[in-house]
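Here is how the chains run, residue by residue.
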Amino acid sequence: LAKTTQPISMDSYEGQEVNITCSHNNIATNDYITWYQQFPSQGPRFIIQGYKTKVTNEVASLFIPADRKSSTLSLPRVSLSDTAVYYCLVGPPSNDYKLSFGAGTTVTVRA
Amino acid sequence: DTGVSQDPRHKITKRGQNVTFRCDPISEHNRLYWYRQTLGQGPEFLTYFQNEAQLEKSRLLSDRFSAERPKGSFSTLEIQRTEQGDSAMYLCASSLFGSELAGTDTQYFGPGTRLTVL
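For every chain, the first residue of the written sequence is number 1, and numbering continues from 1 along that sequence. Working convention: letters from A go to chains and numbers from 1 go to ligands, in the order in which they are written. Side-chain atom pairs in this predicted model are given and counted only at pLDDT of 80 or more, local residue features only at pLDDT of at least 70, and totals for whole chains, interfaces and linings cover all residues. Only hydrogens and water are set aside when side-chain values are computed; all heavy atoms of the structure are taken into account.

Enquirer: Account for the overall build of chain B, naming residues and giving values.
Expert: Put simply, DSSP marks the helices as runs of H or I at least four residues long and the strands as runs of E at least two long, and each gets a number from the N terminus on. Secondary structure summary: chain B contains zero helices and eleven strands in total. Reading the helices (α) and strands (β) of chain B from amino to carboxyl end gives β-β-β-β-β-β-β-β-β-β-β. Against the compact-globule benchmark of 13 Å for 118 residues, chain B has a radius of gyration of 14 Å, which places it among compact chains. Seen through its principal axes, chain B has C-alpha atoms that stretch 45 × 30 × 30 Å. With a 1.4 Å probe rolled over the protein chains alone, any residue whose accessible area is under 20% of its type maximum counts as buried; one over 50% counts as exposed, and the rest are partly exposed. Across the 118 residues of chain B, 48% fall into the buried class. In chain B, 54% of the contacts between residues at least 6 apart in sequence involve partners at least 24 apart. All accessibility values rest on the Shrake-Rupley procedure with a 1.4 Å probe; residue burial counts only the protein chains present in the view. Roughly 6,200 Å² of accessible area belongs to chain B as shown, and the carbon and sulfur atoms make up 45% of that amount. Radius of gyration here is computed from C-alpha atoms only, and the compact-globule reference equals 2.2 Å multiplied by the residue count raised to the power 0.38. The contact criterion used throughout is that any non-hydrogen atoms of two residues lie within 4.5 Å.

Below, the structure is given as structure tokens:
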């Protein structure tokens, strides 16, 4: 499985855009990039998934450069309720039964 | 609410006791997963089922741990002779295998069972 590196923590203020970059230098050809969000005392929740270029949904955007060695999760106009841990996962569909979470990035949004 | 449910939400036990947790997946989801999460770390995979078959077990799952999914619906995770090192959040997730046209199946997690072994 591709190893991922992401910042341990990030601080932001309400209304700002938060960008979390994940490095995955040894990503394989058939790997997808997936982000999960976890609030305290809850299980992780799927946010977004992509393979290349840009993916956008109602919650976030995912930017993937052509070399796919990194990806950036973008959270527009965050609110206090976006305070959570965000995990970047990289892996192939054949291995999707065994999600491999790192320590994630703790995002703290302040008023 | 038709999400994944887990019971109990909290369990405090003494070392050496046996505990059992239950997970009810989203109905019609054919895959069910168990993870363990300790403080400050991401969840770690323990095992998973496709329907009633247990297809893989992590090396983290010692002989004291056993999981079942007898009718391909709910699942139980039992820990025998608990140790203080078993204290963690035990998370259950489910998915509908093969539901995505591309990419990986989305796993839907329950709220977890927090186990404290005294």
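Enquirer: Report on the sheet that holds strand S1 (residues 9-13) of chain A, specifying residues and quantitative values.
Expert: Residues and elements named next belong to chain A. Criterion used throughout: strands pair if DSSP finds at least two bridges between them. Strand order in this open sheet of five strands is S1-S9-S8-S3-S4, and the pairing throughout is mixed. The sheet is open, and its two edges are formed by S1 and strand S4 (45-50), each paired on a single side. Recorded for the sheet is a direction-independent mean angle of 25° between the axes of neighbouring strands. Convention adopted: a line fitted to C-alpha atoms gives each axis, helices being fitted over their contacting stretch, and angles between N-to-C directions are expressed from 0 to 180 degrees.

Enquirer: Could you give me a rundown of the interface of chain B and chain A, with the residues and numbers involved?
Expert: Contacts between chain B and chain A engage 23 residues on the former and 21 residues on the latter. The term buried area denotes the loss of accessible surface (1.4 Å probe radius) that occurs when two parts are joined, taken as the sum for both partners. Interface area lost by chain B to chain A is led by Pro43, Thr104 and Phe109 of chain B, which between them contribute 28%. We count a salt bridge whenever a side-chain nitrogen from Lys or Arg sits within 4 Å of a carboxyl oxygen from Asp or Glu. Counting across the interface, chain B meets chain A through two salt bridges. Linking Lys98 of chain A and Glu56 of chain B is a salt bridge whose minimum nitrogen-to-oxygen distance equals 2.8 Å. Polar contact criterion, stated in full: a pair of N or O atoms within 3.5 Å, where within protein one must be able to donate a hydrogen and the other to accept it, and residues adjacent in sequence count only if both atoms are side-chain atoms. Taken together, the links from chain B to chain A amount to eleven residue pairs in polar contact (both at pLDDT 80 or more). By residue number, the principal contributor to the side of chain B that touches chain A is strand S4 (residues 31-37) of chain B, which donates four residues. Taken together, the residues of the side of chain B that touches chain A sort by class into ten nonpolar, nine polar and four charged. Three categories are distinguished: nonpolar for Ala, Val, Leu, Ile, Met, Phe, Trp, Tyr, Cys and Pro, charged for Asp, Glu, Lys and Arg, and polar for the others, with Gly belonging to the last.

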